[in-house]
There are 2 protein chains.
Amino acid sequence: MTEASSFGVTVPGRPESCFRVTIGYGIKGRMAEAVGEVLEGRTVFLLTDHIVQRCWGEQVVAVLEGMGVKPRCMAIEAGEKSKTWATAGLVLERMVEEKMDRRSVLVSLGGGVVGDLGGFASSVYMRGISLVQIPTTLLAQVDSCLGGKTGVDLPTGKNMVGTFHQPEHIFVDTEFLSSLPVEEIRNGASEVVKYGLIADEGILAELEKMDLADASLRDGAWLDLVKRCLKIKAGVIERDPLESGERMILNFGHTVGHGVEVSADYELPHGAAVAVGMVAASRLSSALGLLEKSDALRIEDVLRGLGLPVAMPGNVEVEEVLSALFRDKKALQGRLRWVLLKGLGRPMVTWEVPVPLVRETLEGMRS
Amino acid sequence: MTEASSFGVTVPGRPESCFRVTIGYGIKGRMAEAVGEVLEGRTVFLLTDHIVQRCWGEQVVAVLEGMGVKPRCMAIEAGEKSKTWATAGLVLERMVEEKMDRRSVLVSLGGGVVGDLGGFASSVYMRGISLVQIPTTLLAQVDSCLGGKTGVDLPTGKNMVGTFHQPEHIFVDTEFLSSLPVEEIRNGASEVVKYGLIADEGILAELEKMDLADASLRDGAWLDLVKRCLKIKAGVIERDPLESGERMILNFGHTVGHGVEVSADYELPHGAAVAVGMVAASRLSSALGLLEKSDALRIEDVLRGLGLPVAMPGNVEVEEVLSALFRDKKALQGRLRWVLLKGLGRPMVTWEVPVPLVRETLEGMRS
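Residues numbered from 1 in each chain as written. Chains lettered and ligands numbered in written order. Predicted model: local features only at pLDDT ≥ 70, side-chain atom pairs only at ≥ 80, totals over all residues. Heavy atoms only, no water.

A few words now on the overall build of chain A. Secondary structure assignment for chain A yields 13 helices and eleven strands. Here chain A has a C-alpha radius of gyration of 20 Å; the compact-globule value for 367 residues is 21 Å, and the two agree. Structurally, chain A occupies a C-alpha span of about 60 × 45 × 35 Å along its principal axes. Evaluated residue by residue, chain A yields a buried proportion of 59% over its 367 residues. The contacts in chain A between residues at least 6 apart in sequence include a share of 76% that link residues at least 24 apart. Of the roughly 13900 Å² of accessible surface on chain A, a fraction of 48% belongs to carbon and sulfur atoms. (Helix = DSSP H or I, 4+ residues; strand = E, 2+ residues; numbered from the N terminus. Rg over C-alpha atoms; globule rule 2.2 N^0.38 Å. Buried < 20%, exposed > 50% of the residue type's maximum accessible area, 1.4 Å probe, protein only. Contact = heavy atoms within 4.5 Å. Areas by Shrake-Rupley, 256 points an atom, 1.4 Å probe, with all protein chains shown as cover.)

Structure, rendered in structure tokens:
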């Protein structure tokens, strides 16, 4: 068991959100120190999915019970198809049945789906109750647990509904990663690359040394990287909580990535789509004379080394990706803001990317 | 056509909400002056119900089209049963189909149900888009259109889900009241009494002069009272947007009123339940020596004069009301905050009301 470390995040707003992020390896048993004060004297609704429940549910419930908290538990089906308006309704109905009140706390124990769903449910239950995030996947730990974005899908559109709602605490134990299949690690590694590219070139060097097939990686090896990514994201969010400016850089790779996800009917993992999107953004940066060609190539090498795709998937049409880009909720009246690179770790935001160049770049990425 | 007057409201928050309330009789045709700037260059989703659509839909759409706005329209079934999580989902799905984007505006044209539902949908669509409220019932005009509270029902609980979301403009034309049945006027009049009791004794004198059966009342007679109520509410909300203190006084009569609604399975109109609740609160105030007995009796006379109930409905059990009180979302860990009167127009908030006294008071109100 390593030490738990923690840092504070202050997100401007009214009321201002001040919360702590606790992070360590094998620190589950020490949850009381981290969130004891938040949970004390309050009823707790623990939301998780069936897979996480099987792997970690008993341990987490035992720790909570040891703190004098008797959580009411609900496990949803694992996977993206649970991240819906309909499932959110079921979660909220259960919260009523379990007599959660305005002072109750929702604890989300799981990956991105559980985090987004629990975040959304807690933000609208009785006009908003407290939330504690306990992310269990690499993707959730390095990225989605922090930032206050919540969201669910509608039958007519993915991620069309959501809120901004900050948690009261984020508790990250990288030991949870030990139960993940390698594809799921890969899925999160793609976001780790993103943090390297937008803020900290050193992260790339760490990733270049890694071999995801190496089982020993599961034992704490991610701790330092997870911590670095979270600190980068926390800084960005403290400066721009509602995505009016700088926070845009967190969308690096997500513009084309989102278009690829849509065109592939969401049958591609998020991390893979973002990897393709990061390659596109790097090549665009290089074509516009912003980024050295050698740096663009290094990015592709890092992604390839992690087993992530660097070419457009076979079943994806470039024209479909382009049309999805302009239907995205980040598009404003037919115009798109791009996050590009003017160096490794040096992002910039621009409206000035000609559509023909995007088309040409995507065509050039056909496998 | 009388003049349109307007006043500004500034609700603290980040971003701070600054919006205007425009109010007049027969001012629909002058919507451009009021909301032209808000709607300019943006796509508009007009939410209404079937009854309002039949009475006013064509006129409002014509005015909007005259402003160069081509609203996408959706009419829900009229009535409380539309104020649900499920209907909110359908509204959001339609907004996606109609290609609303982050800069779009949702215009709610209708009573409390349409206002609450439209407010909620706009607050979560793409994490929040703009809202314009055009309330058409007396209840919505004097009370629910202002304050930023949105909400829908779950199968397991009424009003359990919602958000705080301020509109960009509130456009009140009291001519809309001319199409309302007298029961619907009565429903709103109950809230007008409330504003008299918590802030402006003069309102009671106005109501004492009224005869709701008089058809001429439909022609502009409510304008002055609606304006006074809205200004009172705006002041309270500016000082306490999130109901952490003073805003509690707006719940005068709603504590017992809500319990009565629950016990009557929501088959009693909201205004009638609030009337019963205001009688209970007045009698409690008087029993605790805060309010002159003659004032408590005057309150009952005003309500009776408006055709509102002052006794516990026959099908409602006192014990059921009591137990509903403590299940209410305003109850915190089994304790209730009461809004009482220390005079007409002089509210106070207190935790100190003995349950036996409440029981005795409610028993004394059996018809």
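Moving on, there is more to tell.
This part takes up the interface of chain B and chain A. Facing the 38 residues of chain B at the interface are 38 residues of chain A. At the boundary of chain B with chain A, total buried surface from both sides reaches about 3600 Å², with 64% on carbon and sulfur atoms. Viewed at the interface, chain A and chain B are joined by zero salt bridges. Of all the secondary-structure elements, those providing two or more residues to the side of chain B that touches chain A are helix H3 (85-97), helix H4 (112-124), strand E7 (149-154) and strand E8 (157-164) of chain B. With seven residues, the top contributor of residues to the side of chain B that touches chain A is H3(B). (Buried area = accessible area lost by both parts, 1.4 Å probe. Salt bridge = Lys/Arg side-chain N within 4 Å of Asp/Glu carboxyl O.)

Next up on the list: the relation of the copies chain B and chain A. Superposing the two chain copies requires a rotation about an axis and a translation along that axis. Aligned on chain A, chain B shows an RMSD of 0.0 Å; the corresponding rotation is 180° and the shift along the axis is 0.0 Å. A rotation of that kind, with that shift, is consistent with a two-fold axis. The share of interface residues of chain B whose copies in chain A are also at the interface is 100%, consistent with both copies meeting through the same surface. (Least-squares fit on C-alpha atoms with pLDDT ≥ 70 in both.)

Our focus in this paragraph is the environment of Val276(B). Positionally, Val276(B) belongs in helix H10 (residues 270-287). We classify Val276(B) as buried; its relative accessible area is 0%.

Between side chains of opposite charge, pairing is possible as soon as their charged atoms come close. Residue and element names in this part refer to chain A. This model, assessed by the stated rule, comprises 44 salt bridges over all chains. Residues lysine 81 and glutamate 77 are paired through a salt bridge, measuring 3.7 Å at the closest nitrogen-oxygen approach. For glutamate 77, a relative accessible area of 47% gives the class partly exposed. A salt bridge links glutamate 206 to lysine 209; its shortest N-O distance comes to 3.5 Å. Since its relative accessible area comes to 65%, lysine 209 is described here as exposed. Residues participating in the shared-partner salt-bridge network are Asp143, Glu191, Lys194 and Lys233.

With that settled, the discussion passes to the packing of helix H10 (residues 270-287) of chain A against helix H13 (residues 355-363) of chain A. Packed helix pairs are characterised by how far apart their axes lie and by the angle those axes make with each other. All names here are of chain A. Axis separation between H10 and H13 bottoms out at 10 Å; the angle between their running directions is 125°. The pairing of H10 with H13 is recorded here as oblique in orientation. Like other packed secondary-structure pairs, H10 and H13 cross with a definite hand, here right-handed. Residue-level inspection shows Ala280, Arg283, Leu284 and Ala287 of H10 in contact with H13, the latter providing Leu357, Val358, Thr361 and Leu362. Among the residues forming the contact of H10 with H13, the class breakdown is six nonpolar, one polar and one charged. (Axes fitted to C-alpha atoms, helices over the stretch in contact; angles between N-to-C directions. Parallel < 35°, antiparallel > 145°, perpendicular 65-115°, else oblique. Left-handed = near helix turned anticlockwise from the far one by under 90°. Nonpolar A, V, L, I, M, F, W, Y, C, P; charged D, E, K, R; others polar.)

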